[in-house]
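Take a look at the letters that make up each chain.
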Amino acid sequence: MSLLDVRNLYVRYAMRRGEAVSALEDINFVVEPGEFLTIVGPSGCGKSTLLKVLGGLVTPTSGEASFKRTRVNRPRREMGFVFQSTVLLPWRTVLENALLPVEVLNLDRKTYTERAKDLLALVGLSDFSNRYPGELSGGMQQRAAIVRTLVPDPEVLLMDEPFGALDAMSRETMNVETMRICLETKKTVVFVTHSIPEAVFLGDRVMVMTPRPGKIAEVLSIRFARPRDLDVMGNSVFASAVTRIRSHFNVKHTID
Ligand SMILES: Nc1ncnc2c1ncn2[C@@H]1O[C@H](COP(=O)(O)OP(=O)(O)OP(=O)(O)O)[C@@H](O)[C@H]1O
Ligand SMILES: [Mg+2]
């Protein structure tokens, strides 16, 4: 049974002047348990909209997204969202930020404090649990945000360009880290990015979207074994996947 199922999905946004913008048209796909699906496409093609529909934050105009065959119509604890900006609370320490969902969901504080500490260790932030976000680098803040999302143990991680604000080197490190964390915690992931190499490096499958209104142009399977290291990017199969995906976008719609 697939974990996520998107059927005949259309999203139109009403504008202030009464016009409407068609963000997504006729989107159909499934995500299997444990799968890492990456979504790549030009700016404005509806990637964030699609993730928000999966997360229950946007209601489709028609069609539906379902989680374990139940229609998604509200945010659910089983689905964790990682946003492009880290949205950590600056007045709370890293550990206190990680425990935010525990307070919101009213979970047992003692049990989840242990879990949060284990997860901070997993991402190499043990020594920083009592620091404030402003004292961390961008990559460390993003790792703290990922820990916060993982604390309530969601089955699915919805990640919207989580490393878009990082420099190229931190971004590569975070990609390797993300893969390791998701393998170790056995998460199903839907990961949105502008970067074609990032999509190929991380994905079991890459879903390529057309410019707005977003439709699915192609879905490619990427068969490199896991865990992958950055050397895979020098492989000719990797290069041909990147070239193939890039061929969907003309110069006007260059995306990385
Ligand atoms: N709340 C909203 N109200 C009206 N229009 C919206 C709203 N959110 C998004 N849109 C429009 O829907 C389209 C898709 O937006 P979306 O944010 O999903 O794109 P995206 O692929 O995530 O872009 P980017 O790569 O720049 O983040 C855009 O044309 C955008 O202007
Ligand atoms: Mg977006």
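These numbers come from a predicted model, not from an experiment.

Our focus in this paragraph is the site of ligand 1. Taken together, 14 residues are adjacent to ligand 1, and Ser43, Gly44, Lys47, Ser48 and Thr49 come closest. Glu161 is positioned such that a nitrogen or oxygen atom in its side chain is 3.5 Å from an oxygen atom of ligand 1. Contact distances for ligand 1 include 3.2 Å between an oxygen atom and a side-chain N or O atom of His194. Those elements that place two or more of their residues in the shell around ligand 1 are strand 2 (20-31) and helix 1 (47-54). Ranked by residue count, the leading element in the shell around ligand 1 is helix 1, at three residues. Of the residues contributing to the shell around ligand 1, the split by class is five nonpolar, six polar and three charged.

Read across the sheet, four strands follow the order 2-1-4-5 without closing on themselves; strand pairing throughout is antiparallel. Edge positions in the open sheet fall to strand 2 and strand 5 (70-71), since each of these has one partner strand only. Bridging between strand 1 (residues 4-14) and strand 2 involves eight bridges; their strand directions are antiparallel. Directly across from Ala14, in strand 2, lies its bridge partner Ala20. Taken strand by strand, helix 1 contacts strand 1, strand 2 and strand 4 (62-67), and its axis lies near 120 degrees from that of strand 1.

On a regular strand, one side chain projects to one face of the sheet and the next to the other, so that they alternate. Most of strand 9 (residues 205-209) sits inside the fold, with five of its five residues counted as buried. Burial of strand 9 is two-sided: the residues Arg205, Met207 and Met209 facing one way and the residues Val206 and Val208 facing the other way are all buried. Inspection of the sheet shows strand 9 paired to strand 10 (residues 216-221) by five bridges, in the antiparallel sense. Opposite Val206, over in strand 10, you have Leu220 as the bridge partner. A loop of six residues connects strand 9 with strand 10, the two strands running antiparallel in sequence.

Structurally, Ile196 is set in helix 7 (residues 196-202). Judged by its relative accessible area of 1%, Ile196 is buried. The spacing of Ile196 and Glu64 is 132 residues in sequence and 27 Å in space, taken between C-alpha atoms.

A separate point is the domain arrangement of the chain. Partitioning the chain into domains gives domain 1 (1-78 + 155-166 + 177-256) and domain 2 (87-153). The straight-line distance from the C-alpha centre of domain 1 to that of domain 2 is 26 Å. If you look at the interface, domain 1 gives 13 residues, while domain 2 gives 15 residues. Of the roughly 1100 Å² buried at the junction of domain 1 and domain 2 (both faces included), carbon and sulfur atoms supply 66%.

In this section: the side chain of Thr149. Here Thr149 is to be found in helix 5 (residues 138-150). Since its relative accessible area comes to 10%, Thr149 is described here as buried. Only 3.2 Å separates the side chain of Thr149 from the backbone oxygen of Phe81, close enough to count as a polar contact. Residues in contact with Thr149, not counting those within four places in the same chain, are Gly80, Phe81, Val82, Pro154 and Leu157.

Across soluble globular proteins, nonpolar side chains show a tendency to be buried alongside one another. Core analysis: the largest hydrophobic core is formed by 51 residues, its most contacted members being Val151, Val200, Val206 and Ile245. Counting residues per element, this core draws most heavily on helix 5, which supplies six residues. Both of domain 1 (1-78 + 155-166 + 177-256) and domain 2 (87-153) provide at least three residues apiece to this core. In this view, Ile245 contacts Val40, Ile196, Val200, Val206, Val208 and Leu220; residues no more than four positions away in its chain are not counted.

Here helix 5 crosses helix 6 (residues 168-184) at 20 degrees, and the two axes come no closer than 12 Å. As far as their axial angle goes, helix 6 and helix 5 are roughly parallel. With respect to the hand of their crossing, helix 5 and helix 6 are arranged in right-handed fashion. Of helix 6, the residues touching helix 5 (which contributes Gly139, Arg143, Ile146 and Leu150) are Met174, Glu177 and Ile181. A breakdown of the residues in the contact of helix 5 with helix 6 according to their chemical character gives four nonpolar, one polar and two charged.

Calculation rules
Residue numbers here run from 1 along each chain, matching the order of that chain's written sequence. Just so you know, chain letters begin at A and ligand numbers begin at 1, following the order they were written in. With pLDDT at 70 or above as the cut-off, local features in this predicted model cover only qualifying residues; side-chain atom pairs require 80 or more to be listed or tallied, and sums for whole chains, interfaces and linings still use all residues. To obtain the side-chain values, all non-hydrogen atoms of the structure were included, while hydrogens and water were left out. Distances are taken per atom, and a residue is near a molecule or strand as soon as one of its heavy atoms is within 4 Å of it. Here a polar contact means two N or O atoms within 3.5 Å. Within protein one must be a hydrogen donor candidate and the other an acceptor candidate, and residues neighboring in sequence count only if both atoms are side-chain atoms. In this description a helix means any DSSP run of H or I spanning at least four residues, a strand means any run of E spanning at least two, and both kinds are numbered starting from the N terminus. Amino acids are sorted into nonpolar (Ala, Val, Leu, Ile, Met, Phe, Trp, Tyr, Cys and Pro), charged (Asp, Glu, Lys and Arg) and polar (every other residue, Gly among them). At least two bridges found by DSSP between two strands is the condition for calling them paired. For this analysis, residues touch if any pair of their heavy atoms sits within 4.5 Å. In this description, a line fitted to the C-alpha atoms serves as the axis of each element, helices being fitted only across the stretch in contact, and the angle between N-to-C directions of two axes falls anywhere from 0 to 180 degrees. We call a residue buried when its accessible area falls under 20% of the maximum for its residue type, exposed when it is over 50%, and partly exposed in between, using a 1.4 Å probe and counting protein chains only. Each domain's limits were defined by an automated method or a database of domain assignments. A quick way to say it: buried area is the sum, across both parts, of accessible area lost when two parts are put together, with a 1.4 Å probe. To qualify as a nonpolar core, a set must consist of buried Ala, Val, Leu, Ile, Met, Phe, Trp, Tyr and Cys residues joined through side-chain atoms within 4.5 Å. Between 65 and 115 degrees an angle is taken as roughly perpendicular, under 35 as roughly parallel, over 145 as roughly antiparallel, and anywhere else as oblique. Definitions for this section: a left-handed crossing has its near helix turned counterclockwise from the far helix by less than a right angle. A right-handed crossing has that turn clockwise.

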